[in-house]
Amino acid sequence: FAREFYLTAPPETMPKLKARLMANENPYGISPKAREALVKAVDLSNRYAWMEFGELANRIGEQEGVARKHILFSPGSSDILMAAAAYYTQNGDPSKPRTILTCRPTYDDLLERSEAFGAKIEAVPLTPQYEYDLDAMKARIGPNTKMVYIVNPNNPTGTIVNPQKLEAFVREVAPKVPVFLDEAYIDFLAPAERPNTGKLVAEGLNVIVARTFSKIHAFAGLRLGYGLAQPDTLKALRQYTNNNFGVSITTLMAGIAAYEDREWQTYCRTENAKVRDYTTKALKGMGYEVIPSFANFLLFPIRMKPKTFENQMWANGIGIQTREFGGQPWCRVSIGTQAEMEAFLAEFKKVVG
Ligand code: PLP
């Protein structure tokens, strides 16, 4: 999935899509209240964001049970991932080997950046249920392990780890090695499925929690995210960011309104679950195994060469992604609206014959 293509290809070669199901975006758009705040904030466009960060930090702090000093804002969570990759692969003695421990397949951005900085990636396979294998990971922690990276819910599988098990893992491991929890999709979970990672931060554990407004709040284009960690860690990570200059005041004002709009979040979560169930059932009805997903996308094995399948779907106006692992090609499709998923299924039937 080459983002470079879209940066370099001539505009007339850009595909025209009827369903954008390749980037796990929120198809319902931003909350009406966020839109109102965004329009109002246009008049502040000439200003840098300053004290406005405090207002959102207070609300997040209250919700997560952490203090202001535990929060670092960023334009999307990617910047927190990249800062952690830079810091944990470069601090300390440069002659010592550095390893980032994770499970694969997972979200590769932090891992690829760490590799670019010279670190080795030690990836344990997911369990047979395609979940992060915390026990196997624990056994692999060694003197060179610089950071443990966990994506929960995982991308591309949509699976979660048991919340109590994850909390116990962090309490045991974080005193030895920093644990990075990428929670981009956490807002799609029901309360009982969610680990209390804010509490882990408040307890003083060496854990970095990355959150984004891109998914449940539909801010993928507006760009807003944050990290929760110990103040010393955030100070170190801040060295690898542009010190909050990446977050625009318009996005921030919209973010405050979105964060408060529980009704819109519930609407997006409920619709996503409904359309995800519909799509899962439809694919199963066609004889496809689908990994039970807790997020806003599905992963299922296909019976075609991944690139052939992907190209044909795109040519038919349906943007999806493919993967190859375990000797098997897979389709990863984001959950769009009901109409978009019906279009996906119709084109899917045509392509697979
Ligand atoms: N982490 C995971 C697991 C993701 O899937 C994504 C994007 O899809 C990100 C982080 C980064 O997203 P953003 O920078 O928009 O917060």
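Keep in mind the model is a prediction, meaning the values are calculated, not measured.

Caption draft 1: Region of interest: the site of the ligand. Looking at the ligand, there are 14 residues lining it, with Gly-76, Ser-77, Ser-78, Thr-212 and Ser-214 nearest. Considering only residue class, the shell around the ligand consists of five nonpolar, eight polar and one charged.

Caption draft 2: View of the pairing of strand β12 (residues 328–334). Burial analysis of β12 places five of its seven residues in the buried class, the great majority of the element. Alignment of strand β9 (residues 297–301) against β12, held across five bridges, turns out to be antiparallel. Within the sheet, the bridge partner assigned to Leu-298 lies in β12 and is Val-333. Examined bridge by bridge, strand β11 (residues 321–325) and β12 share five bridges and lie antiparallel to one another. The residue of β12 that forms the bridge with Phe-325 is Gln-328. Hairpin connection from β11 to β12: two residues lie between these consecutive antiparallel strands, with Gly-326 at a positive phi of about 60°.

Caption draft 3: Representation of the domain arrangement of the chain within the structure. As assigned here, the chain comprises domain 1 (3–28 + 263–352) and domain 2 (32–260). Relative placement of domain 1 and domain 2: their C-alpha centres are 25 Å apart. Top contributing element to the side of domain 1 that touches domain 2 by residue count: helix α11 (residues 262–285), with four residues. Broken down by class, the residue content of the side of domain 1 that touches domain 2 amounts to nine nonpolar, six polar and four charged.

Caption draft 4: Representation of the UniProt feature "domain: Aminotransferase class I/classII large" (unreviewed entry) in the chain in the model. If you check UniProt for "domain: Aminotransferase class I/classII large" (unreviewed entry), the listed places come out as residues 20–346 in our numbering. Across residues 20–346, the secondary structure splits into 40% helix and 17% strand, with the terminal C-alpha atoms separated by 15 Å.

Caption draft 5: Highlighting the nonpolar core. Membership of the largest hydrophobic core comes to 93 residues, with the highest contact counts inside it found for Ala-84, Val-148, Phe-180, Val-207 and Ala-254. Top contributing element to this core by residue count: helix α4 (residues 78–90), with seven residues. Residues from two domains meet in this core; each of domain 1 (3–28 + 263–352) and domain 2 (32–260) gives at least three. Not counting the four nearest positions on each side in its chain, Val-207 is found in contact with Val-170, Ala-174, Val-179, Leu-181, Thr-197, Leu-200, Val-201 and Ala-229.

Caption draft 6: Structural view of the environment of Leu-44. On the secondary structure map, Leu-44 appears in the loop between α2 (32–41) and α3 (52–64). For Leu-44, a count of 15 C-beta atoms within 10 Å puts it in the partly exposed group. Here the alpha-carbon distance between Leu-44 and Val-170, two residues 126 residues apart in the chain, equals 41 Å. Beyond its immediate chain neighbours, meaning those up to four positions away, Leu-44 contacts Ile-249, Thr-250 and Met-253.

Caption draft 7: The arrangement of unusual backbone geometry in detail. Following Asn-152, the chain continues into Pro-153 via a peptide bond in cis, with omega recorded as -10°. Within the secondary structure, Pro-153 is located in the loop between β5 (145–151) and α7 (163–173). In this structure, Pro-156 follows Asn-155 across a cis peptide bond, with omega equal to 20°. With respect to the helices and strands, the residue Pro-156 is situated in the loop between β5 and α7. The backbone of Asn-24 shows a phi angle near 50°, a positive value even though the residue is not glycine. Here Asn-24 falls in the buried class, since 21 other C-beta atoms lie within 10 Å of it.

Caption draft 8: Here's a closer look at the sheet that holds β11. Strand order in the open sheet formed by three strands is β9-β12-β11, and the pairing between neighbours is antiparallel. Every other strand in the sheet has two partners, leaving β9 and β11 as the edge strands with one partner each. Here the strands of the sheet are splayed against their neighbours by 25° on average, with no regard to which way each runs.

Thresholds, definitions, all that
Residues numbered from 1 in each chain as written. Predicted model: local features only at pLDDT ≥ 70, side-chain atom pairs only at ≥ 80, totals over all residues. Near = placed C-beta within 6 Å. Nonpolar A, V, L, I, M, F, W, Y, C, P; charged D, E, K, R; others polar. Buried ≥ 20, exposed ≤ 12 C-beta atoms within 10 Å, placed from the backbone. Helix = DSSP H or I, 4+ residues; strand = E, 2+ residues; numbered from the N terminus. Pairing = 2+ DSSP bridges. Domains from an automatic or database assignment. UniProt positions renumbered as here; feature names shortened; annotations may be inferred. Core = buried A, V, L, I, M, F, W, Y, C linked by C-beta atoms within 7 Å. Contact = placed C-beta atoms within 7 Å. Axes fitted to C-alpha atoms, helices over the stretch in contact; angles between N-to-C directions.

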